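Architecture and fold: a report
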Amino acid sequence: MDDFTRSWTALREAVAGLSDEDFARPSGCAGWLVRDLVCHLVIDAQDVLITLATPVGTPPTRDAASYWEVAGAPPTGDDPLDALTVRLAAAYEDPGLLKFHLDDVGAAAGRAAVLATPGLAVGTRGEVLAVGDYLCAYVLEWTLHHLDLVARLGGAPRPPAESLAAARELLERIAGAPFPAELSDTDALLVGTGRRAPSAEEQALLSATAARFPLWLG
């Protein structure tokens, strides 16, 4: 719960500190502006609220690591939901409205997470997870998107060190092996998810491990 709250609070505060001009800059998500990413965060917050309000009376079918689907290629932008997100983001026009919507829905999602019972089974995407595992999965989501948010914004605050470490730990579980200790948490997350190509030195380090990379998460 603490990792979820820490990562989500930091991400929302980073969005709140953006200037109107920042919303028109590229994000770290290929093909998305910052405004598109923030709109995606609104949709994510809605998903958190819906999932936490959807208890299921059957055992979990996934945990925090297996919640993630690993694709064989990066997203192309052709997914209908991706296209809808871009159109919806443009419809806000005033960045202040988008900020307000994220703050409003995001605060509610944060409160719902704090109040949720970790062992309760909830349903999402046709699967069942314990609340604790579901929120753990979202620490990776929030931390990666925080890195995406600030990728082209030099002065914006970065994710907390604790969030980076927790996200790396989960990504290593998904990869099936730890990333080299020589990689910082940020570099492990960026290279491990294909957000940045590895340098020659990083490639050599990664080639000596059993970890799969890059992992295109969905």
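Below, the structure is looked at part by part. (Residues numbered from 1 in each chain as written. Predicted model: local features only at pLDDT ≥ 70, side-chain atom pairs only at ≥ 80, totals over all residues. Heavy atoms only, no water.)

A look at the overall build of the protein chain
Within the protein chain, the regular secondary structure consists of eight helices and four strands. Along the chain direction, N to C, the helices and strands of the protein chain fall in the order α-α-β-α-α-β-β-α-α-α-α-β. Viewed in the frame of its principal axes, the protein chain has a C-alpha envelope of about 45 × 45 × 35 Å. When burial is assessed residue by residue, the protein chain has 44% of its 218 residues classed as buried. When contacts within the protein chain are restricted to residue pairs at least 6 apart in sequence, long-range pairs at least 24 apart make up 71% of them. Of the roughly 10300 Å² of accessible surface on the protein chain, 57% is carried by carbon and sulfur atoms. Averaging the coordinates of the 16 positive side-chain charges in the protein chain and doing the same for the 30 negative ones gives two points 1 Å apart. (Helix = DSSP H or I, 4+ residues; strand = E, 2+ residues; numbered from the N terminus. Buried < 20%, exposed > 50% of the residue type's maximum accessible area, 1.4 Å probe, protein only. Contact = heavy atoms within 4.5 Å. Areas by Shrake-Rupley, 256 points an atom, 1.4 Å probe, with all protein chains shown as cover. Lys, Arg positive; Asp, Glu negative; His and termini not counted. Charge placed at Lys NZ, Arg CZ, Asp CG, Glu CD.)

Some details on unusual backbone geometry
Here Phe213 and Pro214 are connected by a cis peptide whose omega angle stands at -10°. In this structure, Pro214 sits in the loop between helix H8 (200–207) and strand E4 (216–217). For Glu93, which is not glycine, the phi dihedral falls at a positive 60°. Tracing the chain through its elements places Glu93 in the loop between helix H3 (80–92) and helix H4 (95–115). In this model, Arg125 sits at a positive phi of 55°, which is unusual for a non-glycine residue. Locating Arg125 in the fold gives a position in the loop between strand E2 (121–124) and strand E3 (127–130). Note on Arg125: relative accessible area 48%, which makes it partly exposed.

Examining the packing of helix H5 (residues 131–149) against helix H6 (residues 161–175)
For the pair H5 and H6, interaxial distance at closest approach is 9 Å and the crossing angle is 115°. With respect to H6, the axis of H5 lies roughly perpendicular. By crossing handedness, the relation of H5 to H6 is classed as left-handed. The residues of H6 that touch H5, namely those facing Cys136, Ala137, Val139, Leu140, Thr143 and Leu147, are Ser163, Leu164, Ala166, Ala167, Leu170 and Ile174. (Axes fitted to C-alpha atoms, helices over the stretch in contact; angles between N-to-C directions. Parallel < 35°, antiparallel > 145°, perpendicular 65-115°, else oblique. Left-handed = near helix turned anticlockwise from the far one by under 90°.)

Considering the pairing of E2
Burial along E2 is two-sided: the residues Ala121 and Gly123 and Val122 and Thr124 are all buried. When E2 meets E3, the two strands line up antiparallel, connected through four bridges. Residue pairing in the sheet places Gly123 in a bridge with Val128 of E3. The hairpin turn running from E2 into E3, its antiparallel successor, is two residues long, and Arg125 in that turn takes a positive phi close to 55°. (Pairing = 2+ DSSP bridges.)

Brief notes about the pattern of salt bridges
Side-chain pairs of opposite charge can arise where the charged atoms are in close proximity. Enumeration according to the criterion identifies 12 salt bridges in this entry. When the shortest N-O distance is used, the salt bridge between Glu127 and Arg62 registers 3.2 Å. Highlighted residues: Glu127 in strand E3 and Arg62 in the loop between helix H2 (34–52) and strand E1 (70–71), separated in sequence by 65 residues. For Glu127, a relative accessible area of 23% puts it in the partly exposed group. Of the charged contacts, one joins Asp187 and Arg196 as a salt bridge, the two residues approaching to 3.2 Å between their closest N and O atoms. According to the relative accessible area criterion, Asp187 is partly exposed, its value standing at 24%. (Salt bridge = Lys/Arg side-chain N within 4 Å of Asp/Glu carboxyl O.)

Comments concerning the environment of Arg196
Structurally, Arg196 can be placed in the loop between helix H7 (185–192) and H8. The spatial distance from the C-alpha of Arg196 to the C-alpha of Gly119 is 36 Å, given a sequence separation of 77 residues. The residues contacting Arg196, other than those within four sequence positions of it, are Asp187, Leu190, Val191 and Glu202. Side chain to side chain, Arg196 and Glu202 meet in a polar contact 2.9 Å long. (Polar contact = N/O pair within 3.5 Å; in protein donor to acceptor, adjacent residues only side chain to side chain.)

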